[in-house]
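The lines below spell out each chain.
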Amino acid sequence: MRRSIATVCLSGTLDDKLTAAAAAGFDGIELFENDLVVSPMTPAEVRKRCADLGLSIDLYQPFRDLDSVSDEIFRKNLDRAARKFDVMAALGVNTVLVCSSVAPDAVDDDDRAAAQLTELAGRADNRGIRIAYEALAWGRHVSTWDRSWRIVQRADHPALGLCLDSFHVLSRDVSPAGIAGITPGKIFFLQLADAPHLSMDVLQWSRHHRLFPGQGAFDLPGFVELVLAAGYHGPLSLEVFNDVFRQSDPGRTAIDAMRSLIALENDLTIRRLPDARLPDAPELTGHAFTEFAVDGHSGPELRSALRGLGFTHTGQHRTKPVELWEQGTARIVLNSAVTHPGPAAISAFAVTSADPGRSLARAGALLAPAHPNVREPGETELAAITAPDGTSVFVTHPGDGWRADFLPTGSAKGPGAGLLAVDHLGLAQPFDHFDEAGLFYHSVLGLDHLATEEYAAPFGLMRSRAVANPSRSVRVALTVALLRRGDWAPAVADPQHVAFTTADIIATAAALDLPALPVPDNYYDDLAARFALDAAFVAALSRHGILYDRDPSGHELLHLYTPVFGGRVFFEIVERRSGYDRFGEPNAPVRMAAQRHRRLNP
Ligand SMILES: O=C(O)c1ccc(O)c(O)c1
Ligand SMILES: [Mg+2]
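Reading the values: rules and limits
Residues numbered from 1 in each chain as written. Chains lettered and ligands numbered in written order. Predicted model: local features only at pLDDT ≥ 70, side-chain atom pairs only at ≥ 80, totals over all residues. Heavy atoms only, no water. Axes fitted to C-alpha atoms, helices over the stretch in contact; angles between N-to-C directions. Helix = DSSP H or I, 4+ residues; strand = E, 2+ residues; numbered from the N terminus. Parallel < 35°, antiparallel > 145°, perpendicular 65-115°, else oblique. Left-handed = near helix turned anticlockwise from the far one by under 90°. Contact = heavy atoms within 4.5 Å. Nonpolar A, V, L, I, M, F, W, Y, C, P; charged D, E, K, R; others polar. Phe/Tyr/Trp six-rings, centres within 6.5 Å; stacked < 30°, edge-to-face > 60°. Buried < 20%, exposed > 50% of the residue type's maximum accessible area, 1.4 Å probe, protein only. Pairing = 2+ DSSP bridges.

**Description of the packing of helix 1 (residues 14-23) against helix 3 (residues 43-53)**
For step 1, the next point in the chain: Contact geometry for helix 1 and helix 3: axes closest at 10 Å, N-to-C directions at 20°. The angle between the axes of helix 1 and helix 3 places the two elements in the roughly parallel class. Regarding helix 1 and helix 3, the two cross each other, and that crossing is right-handed. Where helix 1 approaches helix 3, its residues Leu 14, Asp 15, Leu 18, Thr 19 and Ala 22 are matched on the opposing element by Val 46, Arg 49, Cys 50 and Leu 53.
For step 2, the next point in the chain: Taken together, the residues of the contact of helix 1 with helix 3 sort by class into 6 nonpolar, 1 polar and 2 charged.

Here is the structure:
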C-alpha cells in the first residue's frame, strides 16, 4: 500500500520535513497548513519540490469549523474555502480534510451539518477537489466516527467522504466494528496514530502523546483491517502529534515512522501485499556476551570490579586489545580499542538467535542500520545492527563460534561468586529515542514489551520499559527521564548496567569483593513495614545491601547493585524467586541516591 506521513509528525521547516520523508522512502505527505504558511516556498514551488523528491501531496489539512454554523457565517466559510481551493490547485492536491467543528457556538443539528457539507462538496467538485470529513474526538457535537458517517450519508455527495483517524476512533468508547460496513469508496482518507492509554483530556492526549503504530496501546492492525474490509485502498498515512518527535532529528523520526508502517503492514492478517511479508523474527535464545568500551582510566576500574564480582579473565583477542571475562554463562568483553576516550559504555551486546541470517534479513527489511564490522582476516564474521542509542547488537549462532577469536589466557573459570548468567541489560536511552527504541526491539528482534513503569527518582521522573523474549533468556530494560534531564542532574548521565542471576543472593553477596553500595536504614524500616517482613530476614538483607520487591502474586525479587564504575556503568545481581518477572523498579530511586552518596563519599 502507499505510505504517507503528515508533515506535523516531523521537526523542522517544510523543506526539512519533505527531505526526511523522501529519504525514509515515503510515497506521499499530508501537508499541514501551518507548514506551508511559514514556508518561503510558493505552493507551486512546494509542488515541484515534492515531485522532485518523488512525493505526492495526498491531503491538505486541516480546514476547521466550517459546518454547523449560521447561514451567514457559512457564506464566509465558503469564501474561505474557495481561497484554500486556489492554494490546493497550485499545490496539485485534490483532497482536503475538514474537521468536525469545535466552535462553542456550533449548532447541534446533523441536517444542518449535512446540508452545509453538501454545499461545500458541490463547490469542491467543480474544482476537482474532494472533501474528507473527520470527527475530532473533541468535536463540539460530532466527535465519533459513526456520527460523522451518518452525516456523510445524509449529505450524500460523491465529492464528500470520511477521513478516519485511528486516534479519534480508538480514543473513544464507540466500537469501531461497524467501520467494516462503510460503503466502499466512502472512506477518502486514513490517518494512523497509536497512543498510550492515558486518563486525560482527549485533546491534550491527542496533541502531545500520539505515537507511531506499535509504540502505544491501540490495536492498529485490527483497526486497519476494518478499514480495508470497507474497501479502502488509499494511502496508510501517519498523523502523529508528539512533543518529542516535534523536536527530534526529522531524518531519524521519518525512519522510525516508516519502520512502524512496515511492521504494521506485516501484522495485518488481510495481506494486501503478500510479497511485502517480513521474514519472521527467529527466536532469540540468550545473551552471548556484553561488550564494554573502556579506556586507560575506566579499563582498570572495570577489571577490578569484574574480579570483585568473581569473574575470570579467560580469553585474549588474537589481534585486538580485547579481553574476555567469564563466570557461569555470563561473558563480558572489555574492549580497549576505543577511539574516543570517555566514560566506560556498553558498546555492544550479542544475542544468540535460532537463525541469525533471518534475524538480520528482518532487521534490514525494517531499516535497522547495519553496523560496520571491522574484521581482521581469519576472524569470525559477526553481523550486527545498530540500536537507536548507538549500541551495536550482534546476532550470533547459539554455538560459541565467536570465541575462536580469543586465545585462552590459561586461567580457568572458577566458581566465582555464584553468578550464573546475564539476567538483563539496563540501557538508559537518549531522551529523543525512547519510543523508537521500544519499537526497534519489538519489531526488529521480536522481543515482547513488558509493562511500562514510571517512578519518581532523585533527579527527576523516570520511565522504564522492558523488552524480553518469551523464555526470558533475553531481557533488556530501557529507561528514560520523562522530561529532558535538568542541568543540575549529576554527572552520570544515562548509566548502563548488566544484571547477573544467582540462585542464592545472600551467599553471592558474602562472596563478593567489591565496595558496597550504602543502602540506608530508612529503606529497610520502610521495607519491613510495607511487606510485613520478618525482622531477621530484613536484617540479612540490610547486612548485604540487598534490596527487595514483591509483585501482587507474591513472587519475590532480591537484588543488589554495585557503585558506578568507569564513570558510567554498574552491575546488578538478582535472585528471582518463583517467576518474579519485573525489574525491581521501586528500588531504582534507592539505588540512584545510594550511588550518588557513594560518589560524593568515596
Ligand atoms: O488536533 C487537531 O487539531 C487535529 C487536526 C487535524 C487532524 O487530522 C487531527 O486528527 C487533529
Ligand atoms: Mg486526524
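**Side note on the packing of aromatic side chains**
For step 1, the next point in the chain: Here the structure, examined in full by the defined rule, presents 17 aromatic pairs.
For step 2, the next point in the chain: Centroid distance Trp 205 to Phe 218: 6.0 Å. Interplanar angle 65°. Geometry classified as edge-to-face. Here Trp 205 is found in helix 8 (residues 202-209), whereas its partner Phe 218 is found in the loop between helix 8 and helix 9 (220-229), with 13 residues between them in sequence. In terms of burial, Trp 205 and Phe 218 fall into one category: buried.
For step 3, the next point in the chain: One aromatic cluster is present, built from ring pairs that chain together Phe 292, Phe 311, Phe 500, Phe 565 and Phe 571.

**Digging into helix 6 (residues 145-155)**
For step 1, the next point in the chain: Of all the residues in helix 6, the buried ones are Trp 145, Arg 147, Ser 148, Trp 149, Ile 151, Val 152 and Ala 155.
For step 2, the next point in the chain: Of the surrounding secondary structure, the elements contacted by the buried residues of helix 6 are helix 5 (110-126), strand 5 (130-134), strand 6 (160-165) and helix 7 (166-170).

**What to know about the sheet that holds strand 20 (residues 475-481)**
For step 1, the next point in the chain: Ordered in space as 18-19-20-17-21-24-23-22, the 8 strands form an open sheet in which the pairing is mixed. Taken across any chain shown, the strands that pair with only one partner, and hence form the sheet edges, are strand 18 (448-457) and strand 22 (547-550). Taking each pair of neighbouring strands and ignoring which way they run, the sheet shows an average axis angle of 25°.
For step 2, the next point in the chain: The sheet contact formed by strand 19 (residues 460-468) and strand 20 spans 7 bridges and is antiparallel. Paired with Arg 465 across the two strands is Leu 478, which belongs to strand 20.
For step 3, the next point in the chain: Helix 17 (residues 588-600) contacts strand 18, strand 19, strand 22, strand 23 (556-561) and strand 24 (569-577) of the sheet and is inclined by roughly 55° relative to strand 18.

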